[in-house]
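# Results of the structural survey
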Amino acid sequence: MPDPVARDAAEEESAFSHPAVAPDVSVAYGEHPDHVVDFYAPRGGEDGAPLVVVLHGGAWRAPYDRQHVTPFADYLARRGLAVASVEYRRGREIPQQGGAGPVAGRWPDTFDDVAAAMDALPDLAREALPQADPRRIVVTGHSAGGHLALWAAARHVLPAGSRWRLPAPPALRGVVALAPIADFARAVELDVCGGAVSQLLGGEDEFEARSAHADPAALLPTGIATVIVQGREDIVVPAAVAEAFVDAAAKAGETVGLTLLEEVGHFALIDPAADACAVVAEEIAQLAW
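The rules behind these values
Residues numbered from 1 in each chain as written. Predicted model: local features only at pLDDT ≥ 70, side-chain atom pairs only at ≥ 80, totals over all residues. Heavy atoms only, no water. Helix = DSSP H or I, 4+ residues; strand = E, 2+ residues; numbered from the N terminus. Rg over C-alpha atoms; globule rule 2.2 N^0.38 Å. Buried < 20%, exposed > 50% of the residue type's maximum accessible area, 1.4 Å probe, protein only. Contact = heavy atoms within 4.5 Å. Areas by Shrake-Rupley, 256 points an atom, 1.4 Å probe, with all protein chains shown as cover. Lys, Arg positive; Asp, Glu negative; His and termini not counted. Charge placed at Lys NZ, Arg CZ, Asp CG, Glu CD. Axes fitted to C-alpha atoms, helices over the stretch in contact; angles between N-to-C directions. Parallel < 35°, antiparallel > 145°, perpendicular 65-115°, else oblique. Left-handed = near helix turned anticlockwise from the far one by under 90°. Nonpolar A, V, L, I, M, F, W, Y, C, P; charged D, E, K, R; others polar. Phe/Tyr/Trp six-rings, centres within 6.5 Å; stacked < 30°, edge-to-face > 60°. Pairing = 2+ DSSP bridges. Salt bridge = Lys/Arg side-chain N within 4 Å of Asp/Glu carboxyl O. Right-handed = clockwise from strand over helix to strand, strands pointing away.

### Topic: the overall build of the protein chain
- When its secondary structure is counted, the protein chain shows nine helices and eight strands.
- A globule of 289 residues ought to have a C-alpha radius of gyration of about 19 Å, and the protein chain, at 17 Å, matches this closely.
- For the protein chain, with 289 residues in total, the buried portion stands at 57%.
- For the protein chain, the share of sequence-separated contacts (at least 6 apart) that also reach a separation of at least 24 residues comes to 76%.
- Here the protein chain displays about 11700 Å² of accessible surface, and carbon together with sulfur accounts for 50% of that area.
- Averaging the coordinates of the 21 positive side-chain charges in the protein chain and doing the same for the 41 negative ones gives two points 5 Å apart.

Have a look at this one:
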């Protein structure tokens, strides 16, 4: 059996080895420099292509932006899908006092941005990418982006009075979450990404109150078709986190699909050179078409 740490390092190296792929057009959805959506047209020139919204990962931390998923976005576009890759505000570059790395996320800015981008996307796509059909939207995201994808599909079940609550379910074909940080309690137990969940919510004092507005496992059922694709050998966001979310959904009376990939870790899911990425694209296509 391969060493898990060595596997993770090899997968990460492969996923990050691809040259960045420039979008066909970039559009602002707000005033901040991070309020940007990159659009990729379906490479076959198809009209009426489903629109896949990509939310990148990186533990909601500033050093990780959408550039590392440009090859993944291009991969989906080469399979006949229209793609919108969303940037959003992440944590500060400067660590917290006594911290070892950049802070994860900004409250409430990270959630403000994802909500604003999702609300703006149908109109932005109609103007910027006429090949896309904004009536057929699938949201996908990797790792922390997988969390945001699940959250974006659950805004109609946010607590009453939440600034991000929608009056009705969002018009989505579904969600395909890739190794998502989907259950905050389990992620904290496993210290996923070095305390990133607690940092995202503003620390332990805010954890309980803010989790009710941010934890996908607390926002069930959604009524939105949801699939999780997860590497069984993932040591970054272990499969136990996805399994906890699936269990929470079942207790809420909802079925969430879980595709567990053998001999796969964290990064292969967004690596166009990996077989796992083809599985991801197929799961997206099944919902999109």
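Having seen the model, we can carry on.
### What about the side chain of Asp34?
- Looking at the element boundaries, Asp34 is found in the loop between strand E1 (25–28) and strand E2 (36–40).
- Residues contacting Asp34, with those up to four places away along its chain left out, are Tyr29, Glu87, Tyr88, Arg89 and Arg90.

### Quick word on the packing of helix H3 (residues 109–128) against helix H4 (residues 144–152)
- Viewed as axis vectors pointing N to C, H3 and H4 meet at an angle of 60 degrees, and their least axial separation amounts to 11 Å. The orientation of H3 with respect to H4, classified from their angle, is oblique. Our pair here, H3 against H4, has a crossing hand that is right-handed. Taking contact as the criterion, the partners of Thr110, Phe111, Val114, Ala115 and Met118 in H3 are, on H4, His147, Leu148, Trp151 and Ala152.
- In terms of residue class, the contact of H3 with H4 is made up of seven nonpolar, two polar and no charged.

### Some points on the packing of aromatic side chains
- What the rule picks out here adds up to six aromatic pairs.
- Seen in terms of ring centroids, Phe111 and Trp164 are 5.3 Å apart; in terms of plane orientation they differ by 40 degrees. Their pairing is tilted. Here the residue Phe111 occupies a position in helix H3, and Trp164 occupies one in the loop between H4 and strand E6 (174–178), the gap between them amounting to 53 residues.
- Taking the relative accessible area as the measure of exposure, Trp164 reaches 4% and is therefore buried.
- Where Trp151 meets Trp164, the ring centres are 5.6 Å apart and the plane angle is 75 degrees; that geometry is what we call edge-to-face. On the criterion of sequence distance, the pair formed by Trp151 in helix H4 and Trp164 in the loop between H4 and E6 is long-range, its members being 13 residues apart.
- Taken together, the aromatic side chains of Trp107, Phe111, Trp151 and Trp164 make up a single cluster linked through ring pairs.

### What to know about the sheet that holds strand E5 (residues 132–142)
- The strand order across the open sheet built from eight strands is E1-E2-E4-E3-E5-E6-E7-E8, with neighbouring strands paired in mixed fashion. Taken across any chain shown, the strands that pair with only one partner, and hence form the sheet edges, are E1 and strand E8 (257–261). Across the sheet, the mean angle from the axis of one strand to that of its neighbour is 20 degrees, orientation sign disregarded.
- In this sheet, E2 lies alongside E1 in antiparallel orientation, the contact comprising four bridges. Directly across from Ala28, in E2, lies its bridge partner Val36.
- Sitting on the sheet, H4 is in contact with strand E3 (49–55), E5, E6 and strand E7 (226–231), with an inclination near 135 degrees to E5.
- Sitting on the sheet, helix H8 (residues 239–251) is in contact with E7 and E8, with an inclination near 160 degrees to E7.

### Some thoughts on the packing of helix H2 (residues 70–77) against helix H9 (residues 275–288)
- Axis separation between H2 and H9 bottoms out at 11 Å; the angle between their running directions is 55 degrees. Taken together, the axis directions place H2 and H9 in an arrangement best described as oblique. Relative to H9, the crossing made by H2 is right-handed. When H2 is examined against H9, the residues Phe72, Tyr75 and Leu76 are found in contact with a partner set consisting of Cys277, Ala278, Val280, Ala281 and Ile284.

### What about the environment of Gly195?
- By secondary structure assignment, the location of Gly195 is in the loop between helix H5 (184–189) and helix H6 (196–200).
- Distance in space between the C-alpha atoms of Gly195 and Ala59 is 9.5 Å, their sequence separation being 136 residues.

### Remarks on the pattern of salt bridges
- If you walk through the whole model with that rule in mind, you get 18 salt bridges.
- Two residues, Arg163 and Asp112, come together in a salt bridge whose shortest N-O distance is 3.1 Å. Of this pair, Arg163 sits in the loop between H4 and E6 while Asp112 sits in helix H3; the two residues are 51 residues apart in sequence, bridging distant segments of the chain.
- Between Arg136 and Asp133 there is a salt bridge, and its shortest N-O distance comes to 3.2 Å.

### Remarks on the pairing of E6
- Most of E6 sits out of view: five of its five residues are buried.
- Summarising the sheet, E5 and E6 pair through five bridges and their orientation is parallel. In the sheet register, Val138 faces E6, and the bridge partner there is Gly174.
- For the segment spanning E5, H4 and E6, crossover handedness is right-handed.

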